[in-house]
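What the coordinates show
Chain by chain, the residues:
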Amino acid sequence: MPEALLEIQDLVTSFKTTSGLQRVLDGINLSLRRGEILGLVGESGCGKSITSLSIMRLLPQPYGFIENGKILFNDKELTDLSIPEMESIRGNEISMIFQEPMTALNPVFTIGNQIEEVLDIHQDLKKRDKKEKCIEMLKLVGLPRAKDVYNEYPHQLSGGMRQRVMIAMALSCEPRLLIADEPTTALDVTVQIQILELMKSLQKDMNTSILLITHDLGVIAEMCDRVAVMYLGKIVEETTTVNIFDNPLHPYSQGLLNSRLGNIQKGEKLICIPGMVPTLSDKPQGCFFSPRCSKCIDRCKTDMPELNEVKPGHKVRCWLYVDEDY
Ligand SMILES: Nc1ncnc2c1ncn2[C@@H]1O[C@H](COP(=O)(O)OP(=O)(O)O)[C@@H](O)[C@H]1O
Ligand SMILES: [Mg+2]
């Protein structure tokens, strides 16, 4: 088994609020192997983005902080690093692409300027070589008219083109780890497919590990080797992509799969998970999913189950699979 590039252990991330500390991440464990694409999936608000911002040490300040746990990346403990040490890892060994590329691109600089700025930090290239490398990156991500785009400003490009530019920027430093947080959610379906294909082929060519965050199980099916399902700041299931589709164990994972639009026949009713994700200040007793769970038993209402490996390579946090030959 290839060794882990990223190993998150018992990560607790909290926000200081007027009504006290709120645990946004409540003991996350995740591991990502070299060259692997790991999907992180869950409904909006469950803590996916905060997981990526914790890894990057870019939590909203001054109220967001890592309260406990370890983030081991390539044998370094990220939570112990100083700000300058972390800055040298960010955009170098780890880079990130966001849902909305406009937030990551600076409107007043040309695309060329911005990619060259990334190259400057990480490579010592002459001006002409830098421009060449930059145009090469723009071509690599499938941008037509790469030479023109080099001189253009973000607002002159479409959303799909901007997303490609951001991928070009993120990959210019040849990161070991790429964190992609809903990278295609804001795009048309056809552009979405192209961008995903692009990420996949770049991952193959460069052996980059990818943490792919999405609420879309279709994206997971298309892209990921393994998947972790998240609910209210906890991982509830973690296994291979094949297992999650063929044999989902957690009732929440089953609900997510059942409520997929593509999963229903014409005339059939869309099955939803009943109820809403509770707010952080209103977390249920016992298993956080218990109030919405159709398979809830007494124990679920009082005790939180552990994330147990119930079969080789298949972990689930659910009382239904404890002390039982299911
Ligand atoms: N900047 C912020 N300020 C206050 N609360 C936030 C902020 N960002 C996220 N949260 C809260 O943290 C929780 C997890 O959010 P997030 O990680 O963004 O969810 P996801 O990415 O899974 O949709 C949510 O309850 C959200 O309201
Ligand atoms: Mg998010």
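Below: a short report on this structure. (Residues numbered from 1 in each chain as written. Chains lettered and ligands numbered in written order. Predicted model: local features only at pLDDT ≥ 70, side-chain atom pairs only at ≥ 80, totals over all residues. Heavy atoms only, no water.)

With that settled, consider the sheet that holds strand β4 (residues 64-73). A sheet is described by the order of its strands in space; here four strands give the open sequence β2-β1-β4-β5, paired in antiparallel fashion. Edge positions in the open sheet fall to β2 (20-33) and β5 (76-77), since each of these has one partner strand only. Where β4 lies against β5, two bridges are found, and the strand directions are antiparallel. Looking across to β5, one finds that Phe73 is bridged to Lys76. (Pairing = 2+ DSSP bridges. Helix = DSSP H or I, 4+ residues; strand = E, 2+ residues; numbered from the N terminus.)

The next thing to look at is a positive patch on the surface. On the surface, Lys127, Lys131, Lys139 and Lys147 cluster together into a positively charged patch. The greatest single-element share of the positive patch, amounting to three residues, is contributed by helix α5 (residues 127-140). Its place among the elements puts Lys131 in helix α5. For Lys131, a relative accessible area of 37% translates into the label partly exposed. (Patch = residues over 30% accessible without salt bridge, like charges linked within 9 Å, V, L, I, M, F, W, Y side chains within 5 Å. Areas by Shrake-Rupley, 256 points an atom, 1.4 Å probe, with all protein chains shown as cover. Salt bridge = Lys/Arg side-chain N within 4 Å of Asp/Glu carboxyl O. Lys, Arg positive; Asp, Glu negative; His and termini not counted. Charge placed at Lys NZ, Arg CZ, Asp CG, Glu CD. Buried < 20%, exposed > 50% of the residue type's maximum accessible area, 1.4 Å probe, protein only.)

A word on the pattern of salt bridges. Within the structure shown, the criterion is met by 13 salt bridges. Residue Lys76 is joined to Glu93 by a salt bridge in which the shortest nitrogen-to-oxygen separation is 3.5 Å. Taken together, the positions of Lys76 in strand β5 and Glu93 in the loop between α2 (83-89) and β6 (94-97) put the pair 17 residues apart, joining distant regions of the chain. The exposure class assigned to Lys76 is partly exposed, which follows from its relative accessible area of 29%.

The next thing to look at is the nonpolar core. Core analysis: the biggest nonpolar cluster contains 56 residues, and Leu138, Ile167, Met199 and Leu212 have the highest contact counts within it. Sort the elements by how many residues they give to this core and helix α7 (residues 159-172) lands first, with eight residues. Within the second largest apolar cluster, 34 residues are counted, among which are Leu81, Ile89, Ile179 and Ile213. (Core = buried A, V, L, I, M, F, W, Y, C linked by side-chain atoms within 4.5 Å.)

What follows concerns the pairing of strand β3 (residues 37-41). For β3, the buried fraction is high: five of the five residues fall into the buried class. Residue alternation in β3 divides its side chains into two sets, Ile37, Gly39 and Val41 and Leu38 and Leu40, and both sets are buried. In this structure, β3 lies alongside strand β8 (residues 209-214), joined through five bridges in parallel fashion. Within the sheet, the bridge partner assigned to Leu40 lies in β8 and is Ile213.

Here we take up the packing of helix α4 (residues 111-122) against α5. Closest axis-to-axis distance for the α4/α5 pair is 9 Å, and the angle between their directions is 110°. Compared by their axis directions, α4 and α5 come out roughly perpendicular. Here Ile111, Gly112, Ile115, Glu116, Leu119 and Asp120 of α4 come into contact with α5, specifically with Lys127, Lys130, Lys131, Lys133, Cys134 and Leu138. Residue composition of the contact of α4 with α5, grouped by class: five nonpolar, one polar and six charged. (Axes fitted to C-alpha atoms, helices over the stretch in contact; angles between N-to-C directions. Parallel < 35°, antiparallel > 145°, perpendicular 65-115°, else oblique. Contact = heavy atoms within 4.5 Å. Nonpolar A, V, L, I, M, F, W, Y, C, P; charged D, E, K, R; others polar.)

Attention now moves to the sheet that holds β8. Reading across the sheet, the eight strands line up as β6-β7-β8-β3-β9-β10-β12-β11 and stay open at both edges, with mixed pairing between neighbours. Here the strands that pair on one side only, and so sit at the sheet edges, are β6 and β11 (308-311). Neighbour to neighbour, the strand axes of the sheet diverge by 20° on average, direction disregarded. Inspection of the sheet shows strand β9 (residues 226-231) paired to strand β10 (residues 234-240) by six bridges, in the antiparallel sense. Residue pairing for β10: Arg226 is matched across the bridge by Thr240. Packed on one face of the sheet, helix α8 (residues 189-206) meets β3, β6, β7 (177-181) and β8 and runs near 160° to β8.

In this section: the site of ligand 1. Around ligand 1 sit 13 residues in total, of which Gly45, Lys48, Ser49, Ile50 and Tyr63 are the nearest. Interatomic distance of 2.9 Å between a side-chain N/O atom of Ser49 and an oxygen atom of ligand 1. Within the backbone of Ile50, one N or O atom sits 2.9 Å away from an oxygen atom of ligand 1. Alone, ligand 1 offers 550 Å² of accessible surface; in the complex the protein occludes 63% of this. When residues in the shell around ligand 1 are grouped by element, the largest group, three residues, is from helix α1 (residues 48-56). (Near = heavy atom within 4 Å. Polar contact = N/O pair within 3.5 Å; in protein donor to acceptor, adjacent residues only side chain to side chain.)

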